[in-house]
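Commentary on secondary and tertiary structure
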Amino acid sequence: MKKILYTIIFLGMSFQVSDFNKLTRLDQNKQLAEFFGNAIQFGFGSEKLWSATNADNWGFVRQSATWARGNSGIIDNLILGLKNAGYFNNSSPRNDVLNNINLNGFGSATLTIKISTPTTGVSSTAYTGTKDFNHFFQITKTGASTPSLQLFFDDPNTTLGNDGALIYYRLVDFGSSQFATVGDVITESYTANESVYGTKFQTYTWRNGPENAAWISKHGRVVLTEVDAGRQLCFRSVVRLSFAKLKALTPANTAALENLRTSCNTQLGVAAGNDNLYYVLAYMQKFDSPFQTTAKATYTTAATKHETICNLGTKLSYGIFNVNGYVTDQLTAGEVPSDYPSPTVGGSDFMSVDDAFIRTYAALNQNVGQVSLGLVKQYETTSQSFLDAFDGADQNLKFK
């Protein structure tokens, strides 16, 4: 079984911050060109999720933590660029369209900047209804009809305690040869305040992944919450894969993958023709070094998940990790060392790993996991039906 499940590629994306002191000597257009030219230089990383060796079984845990930390800076760095260009020196409304701004690694662009000029009725996959945002920033390739990036936010000093911040981007536009073949995949990120825990959450959702070597998933969502008074990160994710695409990427494993597909569908009572495979992961990570992490994961082809892969008996959990990466896996709850996040015991403002896992691959308004959290909210909806609906509709995951 361990030789059957192979590669998933995730983004290890980060933004670089330039030297703002020298920007004060430039005119505004040059300031923006220099800052955003640096800020949109993406750095990517990828890790195997599964391979024949234990050290690689949980590569996604190692890489996803890096990816999450990098992504958390996207909104902050873009807003910081606007602040350092003087856009928030006073409260006067601004509505600027700057043409032919040459951004390093991106090319000529049109920048649209609206400050204290509300954008109303903005929808998202991360919340119900619509929200109104005070400020707006957009990057569009010169001559293009579709934006490459859009950012909506309320407060340049915080993404918490208000409507938060919402961003969309197309990675194919940002000049990385690694992602030149990702096509129309669109990523949405929303950051705001978690009403129950009173702390920051982020959710990243994508659709239209090409399911190739550059981007192996079709649709997916990642949900991150800072919990335990900022001492731990709660990570939850569901990614939809395709057996047919996996076989095309690794032809030597066609027979094994087909056997897994047949076994999963038969065991779970799914139609024999089903080709979708869903990877479900939850983990808790301590923010302090050595960043001890306890994770739980599984695969399914049905609308429900089980402790073992497709309820076939092969068990991944629990896996534990530290600053050096993988430590070991296939532990029982009692075998997880006491200084690691507990598989079974949470706190007043954080979930246990089990509760996080239970609340993953869950539908909107479902009552699962830690009782104090209430029903599953829109931003943490990760059910099969939520992901599959992207096949026929954008569900508000689109440029505005």
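Values in this document were obtained by computation on a predicted structure and should not be read as measured data.

Most of strand β9 (residues 199-207) sits inside the fold, with nine of its nine residues counted as buried. In terms of strand pairing, strand β8 (residues 186-194) meets β9 through nine bridges, oriented antiparallel. Opposite Asn-193, over in β9, you have Lys-200 as the bridge partner. Two elements, β9 and strand β10 (residues 219-227), share six bridges in a ladder whose sense is antiparallel. When the sheet's bridge partners are listed, Phe-201 is paired in β10 with Thr-225.

It is worth spelling out the state of the cysteines at this point. Tallied over the entire structure, the rule returns one disulfide. Note on cysteine connectivity: Cys-264 is disulfide-linked to Cys-310, with sulfurs 2.1 Å apart. Where Cys-264 bonds to Cys-310 through sulfur, the torsion about that S-S bond is close to 85 degrees, and the disulfide is right-handed. With Cys-264 in helix α5 (residues 254-268) and Cys-310 in the loop between β13 (293-300) and β14 (319-322), this residue pair connects regions lying 46 residues apart in the sequence. With respect to class, Cys-264 is no different from Cys-310; both count as buried.

The geometry of two aromatic rings is summed up by the distance between their centres and the angle between their planes. By the definition in use, this model includes 12 aromatic pairs. Here Phe-88 and Phe-153 contribute two aromatic rings whose centre-to-centre distance is 6.1 Å and whose plane-to-plane angle is 65 degrees, an arrangement assigned as edge-to-face. With a gap of 65 residues between them, Phe-88 in the loop between α3 (59-84) and β1 (94-103) and Phe-153 in strand β6 (residues 149-153) connect regions that are remote in the sequence. Accessibility expressed as a relative area gives 1% for Phe-153, which makes it buried. Here a set of aromatic residues connected by ring pairs shows up, and it is made of Tyr-127, Tyr-190, Phe-201 and Tyr-379.

Next up on the list: unusual backbone geometry. Residue Ser-289 is joined to Pro-290 through a cis peptide bond whose omega torsion reads 15 degrees. Examined against the element boundaries, Pro-290 turns out to sit in the loop between β12 (276-286) and β13. Residue Tyr-318 is bonded to the preceding Ser-317 through a cis peptide linkage, with omega at -10 degrees. Inspection of the secondary structure puts Tyr-318 in the loop between β13 and β14. Even without a glycine there, the phi angle at Ser-116 is positive, about 55 degrees. As for its position among the elements, Ser-116 is in the loop between β2 (107-115) and β3 (119-122). For Ser-116, a relative accessible area of 27% gives the class partly exposed. Unlike most non-glycine residues, Asn-396 shows phi in positive territory, near 80 degrees. Here Asn-396 shows up in the segment after α7 (384-388). Among the residues examined, Asn-396 registers a relative accessible area of 29% and is labelled partly exposed.

Following the criterion strictly, the structure yields 14 salt bridges and no others. Residues Arg-94 and Asp-96 are paired through a salt bridge, measuring 2.7 Å at the closest nitrogen-oxygen approach. A relative accessible area of 27% means that Arg-94 is categorised as partly exposed. Owing to a relative accessible area of 16%, Asp-96 belongs among the buried residues under this scheme.

Another point: the confidence of the model for the protein chain. For the protein chain, the mean per-residue pLDDT works out to 80, and 79% of the residues sit at or above 70. Contacts from residues 1-26, a stretch scored under 50 in pLDDT, to residues over four places away or in other chains number 90 contacts. In this model, residues 37-56 is a region of pLDDT below 50 whose contacts with residues beyond four sequence positions or in other chains number 75 contacts.

Here we come to the side chain of Asp-354. Inspection of the secondary structure assignment puts Asp-354 in helix α6 (residues 353-358). Residues in contact with Asp-354, not counting those within four places in the same chain, are Lys-296, Tyr-318, Pro-343 and Thr-344.

Turning to the side chain of Ser-148, a few remarks are in order. Relative to the elements of secondary structure, Ser-148 occurs in the loop between β5 (135-141) and β6. Once residues within four sequence positions are removed from consideration, Ser-148 is found in contact with Phe-106, Ile-139, Thr-140, Lys-141, Tyr-168, Tyr-169, Arg-170, Asp-173, Phe-174 and Phe-399.

Turning our attention to the environment of Thr-294. Residue placement: Thr-294 occurs in strand β13. Separated by 28 residues in sequence, Thr-294 and Asn-322 have C-alpha atoms that sit 9.1 Å apart. For Thr-294, the residues in contact, after removing those within four places along its chain, are Ala-282, Tyr-283, Met-284, Tyr-318, Gly-319, Ile-320, Val-336, Tyr-340, Pro-341, Pro-343 and Val-353. Of the polar contacts made by the side chain of Thr-294, one reaches the backbone oxygen of Pro-341; its length is 2.8 Å.

The rules behind the values
- Residues numbered from 1 in each chain as written.
- Predicted model: local features only at pLDDT ≥ 70, side-chain atom pairs only at ≥ 80, totals over all residues.
- Heavy atoms only, no water.
- Buried < 20%, exposed > 50% of the residue type's maximum accessible area, 1.4 Å probe, protein only.
- Helix = DSSP H or I, 4+ residues; strand = E, 2+ residues; numbered from the N terminus.
- Pairing = 2+ DSSP bridges.
- Disulfide = S-S within 2.5 Å.
- Phe/Tyr/Trp six-rings, centres within 6.5 Å; stacked < 30°, edge-to-face > 60°.
- Salt bridge = Lys/Arg side-chain N within 4 Å of Asp/Glu carboxyl O.
- pLDDT = per-residue confidence, 0-100.
- Contact = heavy atoms within 4.5 Å.
- Polar contact = N/O pair within 3.5 Å; in protein donor to acceptor, adjacent residues only side chain to side chain.

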